[in-house]
Amino acid sequence: MKRHVAAVLVFLTTAVVIDSHVDWEHLDGRRLLNLSGQRFDVQGWAAEQALLWRRDCRAFAPLPLDSPTAQAVLTVIQQHSLPDSQSARGLQMRLQGNWSVAEVTFETLKPALVVLQLNNGQWRVQDQAVWSGSTAPWNSAQFVRRYLRQQAPDLPQALLQCIDIDPQRYGPGPGGLGPVPPKGKSQP
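Basis of the calculations
Residues numbered from 1 in each chain as written. Predicted model: local features only at pLDDT ≥ 70, side-chain atom pairs only at ≥ 80, totals over all residues. Heavy atoms only, no water. Helix = DSSP H or I, 4+ residues; strand = E, 2+ residues; numbered from the N terminus. Contact = heavy atoms within 4.5 Å. Areas by Shrake-Rupley, 256 points an atom, 1.4 Å probe, with all protein chains shown as cover. 1 Å grid on protein atoms, 1.4 Å probe; cavity = no way out; pocket = protein on both sides within 12 Å on 5 of 7 lines; lining within 4 Å. Points joined across faces, edges and corners; volume = space filled by probe spheres on them. Nonpolar A, V, L, I, M, F, W, Y, C, P; charged D, E, K, R; others polar. pLDDT = per-residue confidence, 0-100. Core = buried A, V, L, I, M, F, W, Y, C linked by side-chain atoms within 4.5 Å. Buried < 20%, exposed > 50% of the residue type's maximum accessible area, 1.4 Å probe, protein only.

## Points about the overall build of the protein chain
Part 1 of the reasoning: Looking only at helices and strands, one finds six helices and seven strands in the protein chain.
Part 2 of the reasoning: If you take every contact in the protein chain between residues at least 6 apart in sequence, the share linking residues at least 24 apart comes to 50%.
Part 3 of the reasoning: Summed over all atoms, the accessible surface of the protein chain reaches about 11,000 Å², with 56% contributed by carbon and sulfur.

## Observations concerning the side chain of Glu103
Part 1 of the reasoning: Here Glu103 lies in strand β5 (residues 99-105).
Part 2 of the reasoning: Filtering out sequence-adjacent residues up to four positions away, Glu103 remains in contact with Arg89, Gly90, Leu91, Gln92, Ala112, Leu113, Asp164, Arg169 and Tyr170.

## Side note on the layout of surface pockets
Part 1 of the reasoning: The space that makes up the largest pocket amounts to roughly 170 Å³.
Part 2 of the reasoning: What lines the largest pocket is Ile77, His80, Ser81, Ser85, Phe106, Leu109, Ala112, Val114, Val125, Val130 and Ser132.
Part 3 of the reasoning: Mapped onto the lining of the largest pocket, the elements with two or more residues apiece are β6 (112-119) and β7 (122-132).
Part 4 of the reasoning: Counting residues per element, the lining of the largest pocket draws most heavily on β7, at three residues.
Part 5 of the reasoning: Partitioning the lining of the largest pocket into residue classes produces seven nonpolar, four polar and no charged.

## A few points about the confidence of the model for the protein chain
Residues shown with low pLDDT carry predicted positions that ought not to be read at fine detail.
Part 1 of the reasoning: Per-residue confidence for the protein chain averages 80 on the pLDDT scale, and 85% of its residues sit at or above 70.
Part 2 of the reasoning: Segment residues 173-188 is flagged for pLDDT under 50; beyond a separation of four residues in sequence, or across chains, it makes 37 contacts in the model.

## With respect to the nonpolar core
Part 1 of the reasoning: Counting 19 residues, the largest nonpolar core has Val101, Leu113, Val115, Leu148, Leu155 and Ile165 as the members making the most contacts within it.
Part 2 of the reasoning: Of all the elements in the fold, those that place two or more residues in this core are β5, β6, β7, α4 (140-151) and α5 (157-161).
Part 3 of the reasoning: Once residues within four sequence positions are removed from consideration, Leu155 is found in contact with Trp99, Val101, Val115, Arg149 and Leu160.
Part 4 of the reasoning: Val73, Phe106, Ala112 and Leu116 belong to the second largest nonpolar core, which has 15 residues in total.

Okay, structure coming up:
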């Protein structure tokens, strides 16, 4: 067999194998990379990596959890959805002006990111701007930020960008990239 024929056959075989294992899947108006049945949110992962490079969070250092403001925010969260919310413990809190975003964990509930606003000297949970649960198959940070932005449009963008969102608590896996098993299969 001539070399150019062999090279063409290798190229075509490689293209067919790749095509049978790699595909773009449309879900909820966005695209996921599907590699042999495992879904990856490449776009969300890339957007999060770009955000990590360009954000400047020096003005939004985490609020010490033992500070009076953090304790006031935590007390409001603990009283918000009784009785399960009473066990809320702060993981992180950031503050800008009259806005706060707190990440809390509970004994019986999943961890949550809660947006609060200071009105007339009282912190108030923004009921629609609370995230808890998995974002799979989407990149957790991008998904949660987009959701909170939609639910609390007046929340300062810079504050929202500086919240650290742990993919182990909310996302599909390490790094928030995946993989996520196809529908009908469970993760071990």
